[in-house]
Each structure stands twice: as structure tokens, then as C-alpha cells.
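Analysis of the macromolecular model
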Amino acid sequence: MEILIFLCPAAAVLVWGFLWAWDALERMKSWEQRGQLRAGSRTLLVIAHPDDEAMFFAPTVLGLARLRHRVSVLCFSTGNYYNQGEIRKKELLQSCDVLGIPYSSVMIIDNRAFPDDPGVQWDTEHVASDLLQHIEANGINLVVTFDARGVSGHINHITLHAAVRTLHSEGRLPKGCSVLMLETVNVVRKYISFLDLPFSWLQTQNVLFVLSSKEVAQAKRAMSCHRSQLLWFRHLYVFFSRYMRINSLHFL
């Protein structure tokens, strides 16, 4: 009897979550068609480490693909914290390929000034300078990166945000270049998978990307390319994290 008392509300929550998901997907299709993001934009995804693109930004990358954005990736380190830099560079290229980003559109910076190290603060102005050079050279008109909390709180993620904010606040970005920041949610919302959709929909955001079941499978294939990083807890992350299914973003 006690089990039934627990299971009935749980089943109701699951059904509610599924209904919200389907409804939101339909609304997302019509919302995208209203042109809130310009179709065909040159978009730059700015990440700190190989696997950020799949672990955090897969819904954004695949959502922008629906809008026919030309997405490229700028990764500020090789992910060499455990001396696996060369392996992780190859894994990033494979993951991006699964997400529909060709090798030629992926730039990996291998510079001692930007080590993969949560204990090292990258120089914000150095990051901003290198980023601006890449934006100008490639005619980028939309930059996507982390918000001020960096999703996982990693200091390298937060520095990327600080660099982009510096370029934006000082008016150094090219005319017409916008910035989208991936929203950091609390730890409970982070690990309730698709059940976070009602909360994401009700929260204020400028852009919301929700993956279909087929796209979720694609995101998981991309993450599986990062074999060197797939420790037991990352398998749990892939299963439970809303970032494998949902991205909410704000314009800077």
C-alpha cells in the first residue's frame, strides 16, 4: 500500500513531464520559425575544454543546426590536465563531427597561457584578445559561451564568460555580433533530465532549445566520443543531466 502511495504521484509527475516535453517541442518549432535567431548566422561556440561542446552545449549546437546556422568551435585548451591533450583533441574533432560541425570549423588553442587547470586563472584580457581576433577573422555574428557561473563552476569556464563580457561592455565586438550565454541552474534542476522542462519553460530566458529523442541519441553519441573522460560518474551525468537535453540561454 505504501509503495502504491509513492508510485502514483511519481507516475503522475512522469506523465506531466512527458506532456510538457511534447508541448514545448511543438511550441519551439513555431517559436524558431518566428525568427528570434537569424537563420544562417555564423555562430561561434566558445568552450574551455574538449567535451564541453557535448556535455553542456549539445542542445544548442543541434538547435542552431535546425536554424541552418554555420556553427564553428573555438576551444581554449587541449584538456591536458592528465597529460591526455593529444587524445582529447582527436576526441573533440570526432564529437564535433557527430554534432554536424566539420573538422575545418574546429579551432583548438594549444597555449601554455591557457592550461586545463581549475587552479589556474587565465588572463581575461589575453583570452579576450585571442577571441576577438578569431571573431573578426571569421565574420562571426553570434557568440555562444558560458554564463558567469560557468555551469559547473569551473574557473576556466568563468574566465571565458568574463572575456566575452569585457569585449561586449567595451564595445569591441564587431557591429551586429550578439552573445548568448548558457544558463547555470541549481544542482537539483541540473540532474532531473527532461523533468526540468516545465521549470525551464516558466523561467525567463531568451532562447530555449529542447532536443527530440533522436537528437538526444545524437548528443549521447557525441559524448561517447570522449572515451578518455567516460568515468562511471560521467555515465550517470549523461543519463541524468538536463544539459544533454535542454539548454536555456540569455543574450548578453
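Please refer to the structure placed before this passage.
Residues numbered from 1 in each chain as written. Predicted model: local features only at pLDDT ≥ 70, side-chain atom pairs only at ≥ 80, totals over all residues. Heavy atoms only, no water.

Let's shift gears to the layout of surface pockets. If you add up the space inside the largest pocket, you get close to 470 Å³. Together, 22 residues line the largest pocket, and Asp51, Arg88, His154, Gln229 and Arg234 are the ones closest to its centre. Ranked by residue count, the leading element in the lining of the largest pocket is helix H11 (residues 232–240), at three residues. A breakdown of the residues in the lining of the largest pocket according to their chemical character gives nine nonpolar, seven polar and six charged. (1 Å grid on protein atoms, 1.4 Å probe; cavity = no way out; pocket = protein on both sides within 12 Å on 5 of 7 lines; lining within 4 Å. Points joined across faces, edges and corners; volume = space filled by probe spheres on them. Helix = DSSP H or I, 4+ residues; strand = E, 2+ residues; numbered from the N terminus. Nonpolar A, V, L, I, M, F, W, Y, C, P; charged D, E, K, R; others polar.)

Here we come to the packing of helix H3 (residues 58–66) against helix H10 (residues 213–224). Orientation of H3 relative to H10, taken along the N-to-C sense of each, is 125°, at an axis distance of 10 Å. With respect to H10, the axis of H3 lies oblique. By crossing handedness, the relation of H3 to H10 is classed as right-handed. For the pair H3 and H10, the contacting residues are Ala58, Leu62 and Arg66 in the first and Glu215, Gln218 and Ala219 in the second. When its residues are assigned to classes, the contact of H3 with H10 shows three nonpolar, one polar and two charged. (Axes fitted to C-alpha atoms, helices over the stretch in contact; angles between N-to-C directions. Parallel < 35°, antiparallel > 145°, perpendicular 65-115°, else oblique. Left-handed = near helix turned anticlockwise from the far one by under 90°. Contact = heavy atoms within 4.5 Å.)

Before going further, it helps to spend a moment on the side chain of Thr184. Structurally, Thr184 is set in the loop between strand E5 (178–182) and helix H8 (187–190). A distance of 2.6 Å separates the side chain of Thr184 from the side chain of Asp147, its partner in a polar contact. At 2.8 Å, the side chain of Thr184 and the backbone nitrogen of Val151 are in polar contact. Once residues lying within four places of it in the same chain are set aside, the contact partners of Thr184 are Asp147, Arg149, Gly150, Val151 and Tyr243. (Polar contact = N/O pair within 3.5 Å; in protein donor to acceptor, adjacent residues only side chain to side chain.)

Located in the positive-phi region is Arg68, a residue other than glycine, with phi close to 60°. Using a relative accessible area of 59% as the deciding quantity, one classes Arg68 as exposed. Positive phi, normally seen in glycine, also occurs at Asn83, with a value near 60°. Topologically, Asn83 is positioned in the loop between strand E2 (70–75) and helix H4 (85–98). Under the relative-accessibility criterion, Asn83 is labelled exposed at 67%. (Buried < 20%, exposed > 50% of the residue type's maximum accessible area, 1.4 Å probe, protein only.)

Turning our eyes to something else, we now look at the packing of helix H5 (residues 124–137) against helix H7 (residues 155–169). Where H5 contacts H7, the axes come no closer than 8 Å and their chain directions differ by 65°. Relative to H7, the element H5 is oriented roughly perpendicular. Judged by the twist between their axes, the crossing of H5 over H7 is right-handed. Of H7, the residues touching H5 (which contributes Thr124, Glu125, Val127, Ala128, Leu131 and Leu132) are Thr159, Leu160, Ala162, Ala163, Val164, Thr166 and Leu167.

So yeah, pure geometry; function would need other evidence.
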